[in-house]
Amino acid sequence: MEETGKDPKLNRREFLAKGLRVSALVGIGGLAVLTVKKSLAGETVWQLDPSKCIQCGRCATNCVLAHSAVRCTHVYAMCGYCDLCGGYFKPGTKTLNTAAENQLCPTNAIKRKFVEDPFFQYSIDEPLCIGCGKCVKGCGAFGNGSLQLQVRHSICVHCNQCSIARSCPADAFSRVPAGKPYLLKQITLENPK
Amino acid sequence: MKQKGVLIFALCCLLAGVSFMIWDMFFRQPEESLNPYAYDMKNIKSGDTVMPRYTEVQQIKPGLAEIHGIAAGPGDRIFVAGEKGVEIYDPSGKRESAFPVDGSARCIRVDRNGLIYLGMDDHLEIYGRDGKKLKQWPASGADAIITSIAVTDEDIFMADAGSKIVYRYDHAGNLQKKIGEKDPRDSIPGFVVPSPYFDLAVGSSGMLWVVNPGRHSFEKFTRDGMLLSSWGKASMAIDGFCGCCNPSNFAMLSDGSFVTSEKGIERVKVYSPNGEFNCVVAPPGSFNEGTRGLDLAVDSKDRILVLDPERKQVRIFVVKR
């Protein structure tokens, strides 16, 4: 008997088989597109933009690490090497020396060294820095803004969703290319913009 | 009866619990918004309890996109320089005229004949009263950033923040002298200029006063570059100057007193001719946080003209009666 009179509609078995094939094709295709896209974009890492940072203190408290991966970085080219450094001294300090009670940093992570009259060099003792941004605020307000917070990639555990970025009120965190993982402001007297 | 009491008590407990949960979920300020490492600038700025002895009487709103410099000229006219132009106002604040310039004028000075001198980053331009350019010449330093100009009948002084030096020219544009180069033999400490705020003025005695911003001091020179004296105190207190480079700008009153402006702690103050703190003109609360480059001028009636680049205003202060 001829099968010309057979109902052209798919039966359930054929429908499932075709559906499965289409789903598999879409899945494989999507995976391939994602892989190509990722390989073209390159690897990215979290970094914070110092020009957006408002020194809210959350970098110190919201990292998944007990000792935050955000630390202070000193851009020496911007520094004024001041004696009365707004990032080093507490407001109202009467004598400009390294006494603990004069220091703004809660962990004594900034080292002050005499260079020549009237210049002093300030360097960050990174293992002591907790990324609180107190010095960054003082330097930005009274100085040239040479102290800046950055995610240190040697310490960062590269969470997919950075817990500091989630709580950052200034939206200062973004993914940057792993090949250029730092975002430092470089404003100098010769290059003021 | 006893059962009813227990029921009411349990209901109250339940209501209290639900209320607490609602407050906790929707109304309680999250602990993370409290910064345990806060650097409270407001406390520092409100710490000065010295009452201002001046009052603000008028504001002028220039039409320039950015304003950088102010000067008082003959007839107490007010000259404002900025992005691509200069505007001239009469003493009452009514705009008289304006003229365009190529680029951005960082500083301005007007001599007693009404000639207008503009510091255009790396060169000086001189304009007539009608706004016609008369001449220009480049600053002598390679990385020049002209931040201030002073003019006498004999000399034109230019402060160059790039070279950290003051140049003295004659009116034909010939360099006559470099002033303030570090020279231990003459006890000249050299200028420390960490950012482009480096102001100067010629006092009523004809002596040149230059701010040494990195040392938070004023230095007095003869026109030949001999250092005569200096004064200044590095401090965040009301009688001192703080930060990397302050005072950022200054002008002189008719009695030789200094009117100073600062960044960091934005304020305008007056010091006596020998450098003693006299009074506050405008406390930090008068300015937006982060305001920099409060240029100053004084007219013949000792009104203090403050250029506020953040609010884009010229603000006029007079002594309180």
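Residues numbered from 1 in each chain as written. Chains lettered and ligands numbered in written order. Predicted model: local features only at pLDDT ≥ 70, side-chain atom pairs only at ≥ 80, totals over all residues.

Student: Explain the nonpolar core to me, please; I cannot follow it from the model alone.
Tutor: Side chains that are nonpolar tend, in soluble globular proteins, to be buried together. Residues and elements named next belong to chain B. With 117 residues, the main nonpolar core has Ile70, Phe79, Ile108, Met158 and Leu305 as its most contacted residues. With seven residues, strand S3 (residues 78–89) is the single largest residue contributor to this core. If we skip the residues at most four places from it in the chain, Ile70 touches Ile78, Phe79, Val80, Ile108, Asp295, Ala297, Leu305, Leu307 and Val314. (Core = buried A, V, L, I, M, F, W, Y, C linked by C-beta atoms within 7 Å. Buried ≥ 20, exposed ≤ 12 C-beta atoms within 10 Å, placed from the backbone. Helix = DSSP H or I, 4+ residues; strand = E, 2+ residues; numbered from the N terminus. Contact = placed C-beta atoms within 7 Å.)

Student: When you look at the interface of chain A and chain B in this model, what are you seeing that I'm missing?
Tutor: One frequent convention defines the size of an interface as the accessible area lost when the parts assemble. Each partner contributes residues to the interface: chain A has 28 residues there, and chain B has 25 residues. Sorting the residues of the side of chain A that touches chain B by element identifies helix H2 (58–61) and helix H3 (134–142) of chain A as the ones contributing at least two each. With five residues, the top contributor of residues to the side of chain A that touches chain B is H3(A). By residue class, the composition of the side of chain A that touches chain B is 12 nonpolar, 11 polar and five charged. (Nonpolar A, V, L, I, M, F, W, Y, C, P; charged D, E, K, R; others polar.)

Student: Got a minute to help me understand H3(A) in this structure?
Tutor: Side chains three or four residues apart in an α-helix point the same way, a direct result of the helix having 3.6 residues per turn. Counted residue by residue, H3(A) has nine buried out of nine residues, so it is predominantly covered. Of the positions making up H3(A), those classed as buried are Lys134(A), Cys135(A), Val136(A), Lys137(A), Gly138(A), Cys139(A), Gly140(A), Ala141(A) and Phe142(A).

Student: Looking at this structure, how should I read unusual backbone geometry?
Tutor: Keep in mind that most residues, glycine aside, have a negative phi and that most peptide bonds are trans. Residue and element names in this part refer to chain A. Going from Asp117 to Pro118, the amide bond is cis rather than trans, its omega being 0°. With phi around 50°, Tyr81 is a residue other than glycine that occupies positive phi space. Following the sequence through the fold, Tyr81 ends up in the loop between strand S2 (70–74) and strand S3 (110–116). Among the residues examined, Tyr81 registers 18 C-beta atoms within 10 Å and is labelled partly exposed. Phi at Asn108 takes a positive value of approximately 60°, unusual for a residue other than glycine. In this structure, Asn108 sits in the loop between S2 and S3.

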